[in-house]
Amino acid sequence: DVKVTQSSRYLVKRTGEKVFLECVQDMDHENMFWYRQDPGLGLRLIYFSYDVKMKEKGDIPEGYSVSREKKERFSLILESASTNQTSMYLCASSPPQASYNEQFFGPGTRLTVL
Amino acid sequence: GESVGLHLPTLSVQEGDNSIINCAYSNSASDYFIWYKQESGKGPQFIIDIRSNMDKRQGQRVTVLLNKTVKHLSLQIAATQPGDSAVYFCAGEKLTFGTGTRLTIIP
């Protein structure tokens, strides 16, 4: 079974702190994604990566950066956390097929920024 | 760009009845759609997918219908069970997701 794990289920940080959210997948998938999920807004894509050291902006990249140093690991970084970044963060991975991408999701990290 | 949305934020169905969850999309060139199920405290899980060269696809107790004329797709769940209670999302190939319909199964 594909497994996508996220480093924390719950996280509480203060405004201005630097926050790292880690995601690891064990299926050798090329593609990895970070989303945030908010009530009434659904899932919104923050960043994605098609290969090691490659990254692409999604729909809402502002205030975030990412790192993909190894194929299995995709990190989301909040350089200076703000209260409007309080959200559920979901990581996903998928195999490299061009158009037909079933994504496998992690359990999510609920981040609260005080 | 592509937008994908859902018609109803919540839906309650009696256990054993069939449920239908609807979704609309904007891009007529969209080629592929997926339905995901998200249970409380978990990430979304793949249920079923459909390509634009099909108008119907069946899985175990689930059927997805695609109407390209009106850019609408639906997920039908037969003989609903308590474990079907979850939020259901449709997603397009451009990594766009609808806002989700919360399905509640009434015992």
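Everything numeric in this text was worked out from a predicted model, so none of it was measured.

**Q** Explanation requested: the layout of surface pockets in the structure shown.
**A** Where empty space is left in the structure can be found by rolling a water-sized probe over the atoms. Put simply, the largest pocket is a space of about 500 Å³. A:Gln37, A:Arg110, B:Gln38, B:Val87 and B:Arg102 are, among the 23 residues lining the largest pocket, the residues nearest its centre. Looking at the lining of the largest pocket, the elements that each hand over two or more residues are β4 (31–38), β9 (87–94) and β11 (109–113) of chain A together with β9 (86–92) and β10 (101–106) of chain B.

**Q** Which parts of the structure should I look at to understand the pattern of salt bridges?
**A** For side chains of opposite charge, pairing can occur when their charged atoms come near one another. Residue and element names in this part refer to chain A. A complete count under the given rule lists ten salt bridges over all chains for this structure. Between Arg73 and Glu22 there is a salt bridge whose closest N-O contact spans 4.0 Å. With Arg73 in strand β8 (residues 73–78) and Glu22 in strand β3 (residues 19–25), this residue pair connects regions lying 51 residues apart in the sequence. Since its relative accessible area comes to 37%, Arg73 is described here as partly exposed. For the salt bridge of Glu30 with Lys71, the shortest nitrogen-to-oxygen distance reads 3.2 Å. Taken together, the residues span a long stretch of sequence, with Glu30 in the loop between β3 and β4 and Lys71 in the loop between β7 (65–70) and β8 at a distance of 41 residues. Here the salt bridges share partners, and the residues they tie into one network are Asp28, Glu30 and Lys71.

Conventions we followed
- Residues numbered from 1 in each chain as written.
- Chains lettered and ligands numbered in written order.
- Predicted model: local features only at pLDDT ≥ 70, side-chain atom pairs only at ≥ 80, totals over all residues.
- Heavy atoms only, no water.
- 1 Å grid on protein atoms, 1.4 Å probe; cavity = no way out; pocket = protein on both sides within 12 Å on 5 of 7 lines; lining within 4 Å.
- Points joined across faces, edges and corners; volume = space filled by probe spheres on them.
- Helix = DSSP H or I, 4+ residues; strand = E, 2+ residues; numbered from the N terminus.
- Salt bridge = Lys/Arg side-chain N within 4 Å of Asp/Glu carboxyl O.
- Buried < 20%, exposed > 50% of the residue type's maximum accessible area, 1.4 Å probe, protein only.

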